[in-house]
Amino acid sequence: MSKFVTKRLLLMLPTLIGAVTLVFFMTKNIPGDPARIMLGERANPESLRELREDLGLDQSLLKQYGIYLRNLATFNLGKSIKSSNPVKKEIQSRLPATMELALFSIVLASVFGIVLGVIAAKNRNNWLDYSAMSIALVGVSMPVFWLGLVLIMVFSVNIGLFPTGGRIDARLFFVSKTGFLIFDTFWHLLTTGEYEYFVSALRHIVLPSIALATIPASMIARTTRSSMLEVLGQDYIRTARASGLHPLTITFRYALKNALLPIVTVIGLQLGTLMAGAVLTETIFAWPGIGRWIYHSIEARDYPAIQGGILIIALMFILINILVDVCYSIINPKVRLT
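Report on the accompanying structure. Note that the structure is predicted; figures quoted are calculated from it, not measured. (Residues numbered from 1 in each chain as written. Predicted model: local features only at pLDDT ≥ 70, side-chain atom pairs only at ≥ 80, totals over all residues. Heavy atoms only, no water.)

1. Considering the overall build of the protein
Link 1 in the chain: A count of helices and strands for the protein gives 15 helices and 0 strands.
Link 2 in the chain: Dimensions of the protein along its principal axes, counting C-alpha atoms only, are 85 × 55 × 40 Å.
Link 3 in the chain: For the protein, with 338 residues in total, the buried portion stands at 42%.
Link 4 in the chain: Once local pairs closer than 6 in sequence are excluded, the contacts in the protein between residues at least 24 apart make up 74%.
Link 5 in the chain: Total accessible area on the protein is roughly 18400 Å²; 66% of this is exposed by carbon and sulfur atoms.
Link 6 in the chain: Separation between the mean location of the 31 positive side-chain charges and that of the 20 negative ones in the protein comes to 11 Å. (Helix = DSSP H or I, 4+ residues; strand = E, 2+ residues; numbered from the N terminus. Buried < 20%, exposed > 50% of the residue type's maximum accessible area, 1.4 Å probe, protein only. Contact = heavy atoms within 4.5 Å. Areas by Shrake-Rupley, 256 points an atom, 1.4 Å probe, with all protein chains shown as cover. Lys, Arg positive; Asp, Glu negative; His and termini not counted. Charge placed at Lys NZ, Arg CZ, Asp CG, Glu CD.)

And the structure:
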């Protein structure tokens, strides 16, 4: 297993270098001048020149790229042009919020998608199958920003069941030790019996997680159906039915277990997509994570912040893919030989 993981980590390096290079040069092509944005349109040329020198923007692109790589080698992501804080510190304060939202969403998407896919496969070509796949088709067709606005209008503005944004009620003062608010408030509930913090955190994450989970749930449902149909047609499944085993035992112990490989792949890829696609969802729901921070950094032409944020998301995506490979090797040990 250790050799397998080491091999996958080594294969990760070229991808990571490519992502670093792509992020740097694409960021530099964003229209606008950070110095002018910081000083305003009426800034005099001398002040603009001095600020560009301080920010290193007067250097050639290749020299800036060399400096960037040298800083990355020492885990130095630079300072935010907008806030003057180290980018590493900004990421550390926001990454747990994005990870919490992505994990909550992928769990929701996996449960709903697998159940929907199993129902469709077990009832092939009847109304339950068509209904389940219609739901999946609608889910994958809805834009996240549109669904988010609809959820806010229906469940926040009209019904008032869930809040419109943030992670916890403003009136509640709660210091999160890990940054994962759901976990911290749940632990607080277990140790003190005070439930209002956990309930508030849970109510705040429901709508953004539903908006973010809709497309992954649809993809997982369609993959589960296809994989289950292939397994359900195997000889050992017919033998299990002839032996008189309970249908639920056949479905979940034999069929679903052997259909997991493509499902795990899709779940892993969708988790990486959720990390990258959280920009729209976090912006709509005012979720204080990496995605919303990147959006505001793009508005401010904050190059170090944009580069650091996108690089972290790319790194997370790569690590998630390695984790999927490890899960593959656990489910099917033959994978370790490839």
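2. So, the pattern of salt bridges
Link 1 in the chain: Applying the stated rule across the entire model yields 5 salt bridges.
Link 2 in the chain: Between Glu90 and Arg94 there is a salt bridge whose closest N-O contact spans 2.3 Å. With Glu90 and Arg94 both in helix α5 (residues 87–122) and 4 residues apart, the pair spans about one turn of that helix.
Link 3 in the chain: By relative accessible area, which is 9% here, Glu90 ends up buried.
Link 4 in the chain: Overall, the relative accessible area of 24% leaves Arg94 in the partly exposed class.
Link 5 in the chain: For Arg171, the salt bridge identified is with Asp169, shortest N-O distance 3.8 Å.
Link 6 in the chain: Salt bridges linked by common partners bring Asp169, Arg171 and Glu196 together as one network. (Salt bridge = Lys/Arg side-chain N within 4 Å of Asp/Glu carboxyl O.)

3. Brief notes about the packing of aromatic side chains
Link 1 in the chain: All chains considered together, the criterion is met by 6 aromatic pairs.
Link 2 in the chain: Here Phe24 and Tyr65 contribute two aromatic rings whose centre-to-centre distance is 5.3 Å and whose plane-to-plane angle is 50 degrees, an arrangement assigned as tilted. One end of the pair, Phe24, is in helix α1 (residues 2–28); the other, Tyr65, is in helix α4 (residues 61–73), and 41 residues separate them in sequence. The burial state of Phe24 is the same as that of Tyr65; both residues are buried.
Link 3 in the chain: Between Phe24 and Tyr68, the aromatic rings sit 5.4 Å apart at their centres with planes inclined by 25 degrees, giving stacked as the arrangement. (Phe/Tyr/Trp six-rings, centres within 6.5 Å; stacked < 30°, edge-to-face > 60°.)

4. Here we look at helix α14 (residues 290–299)
Link 1 in the chain: Buried within α14 we find Ile290, Gly291, Trp293, Ile294 and Ser297. Axial view of α14: buried residues confined to an arc of 160 degrees, hence all on one face.
Link 2 in the chain: Remark: Arg301 follows α14 within two positions and exhibits a positive phi of approximately 55 degrees. (Arc of directions from axis to C-beta.)

5. Focus on the side chain of Asp302
Link 1 in the chain: Among the secondary structure elements, Asp302 is positioned in the loop between α14 and α15 (303–331).
Link 2 in the chain: A distance of 2.5 Å separates polar atoms of two side chains, one belonging to Asp302 and the other to Ser80.
Link 3 in the chain: Discounting residues that sit within four places of it in the chain, Asp302 has contacts with Ser80, Ile81, Lys82 and Ser297. (Polar contact = N/O pair within 3.5 Å; in protein donor to acceptor, adjacent residues only side chain to side chain.)

6. Observations concerning the environment of Thr98
Link 1 in the chain: Topologically, Thr98 is positioned in helix α5.
Link 2 in the chain: Placed 184 residues apart in sequence, Thr98 and Glu282 show a C-alpha to C-alpha distance of 8.3 Å.

7. Topic: the environment of Asp54
Link 1 in the chain: Among the secondary structure elements, Asp54 is positioned in helix α3 (residues 45–55).
Link 2 in the chain: A C-alpha to C-alpha distance of 9.8 Å links Asp54 and Ala35, two positions 19 residues apart in sequence.

8. Describing the nonpolar core
Link 1 in the chain: The biggest cluster of nonpolar side chains holds 37 residues, and the ones touching the most others in it are Ile91, Ile290 and Trp293.
Link 2 in the chain: For this core, the secondary-structure elements that each account for two or more residues are α1, α4, α5, α8 (181–192), α9 (196–232), α12 (260–276), α14 and α15.
Link 3 in the chain: Discounting residues that sit within four places of it in the chain, Ile290 has contacts with Ile91, Arg94, Leu95, Thr98, Glu282, Gly309 and Ile313.
Link 4 in the chain: Of all hydrophobic cores here, the second largest spans 19 residues; its members include Ile114, Ile220, Leu229 and Val266. (Core = buried A, V, L, I, M, F, W, Y, C linked by side-chain atoms within 4.5 Å.)

9. Description of the packing of helix α10 (residues 235–242) against helix α11 (residues 247–258)
Link 1 in the chain: α11 packs onto α10 with a crossing angle of 175 degrees between their chain directions and a minimal axis gap of 11 Å. As summarised for this structure, α10 and α11 are arranged roughly antiparallel, according to the angle between their axes. Only Ile250, Tyr254, Ala255 and Asn258 of α11 make contact with α10, whose side of the interface consists of Tyr236, Ile237, Ala240 and Arg241.
Link 2 in the chain: Per-class residue counts for the contact of α10 with α11 are 6 nonpolar, 1 polar and 1 charged. (Axes fitted to C-alpha atoms, helices over the stretch in contact; angles between N-to-C directions. Parallel < 35°, antiparallel > 145°, perpendicular 65-115°, else oblique. Nonpolar A, V, L, I, M, F, W, Y, C, P; charged D, E, K, R; others polar.)

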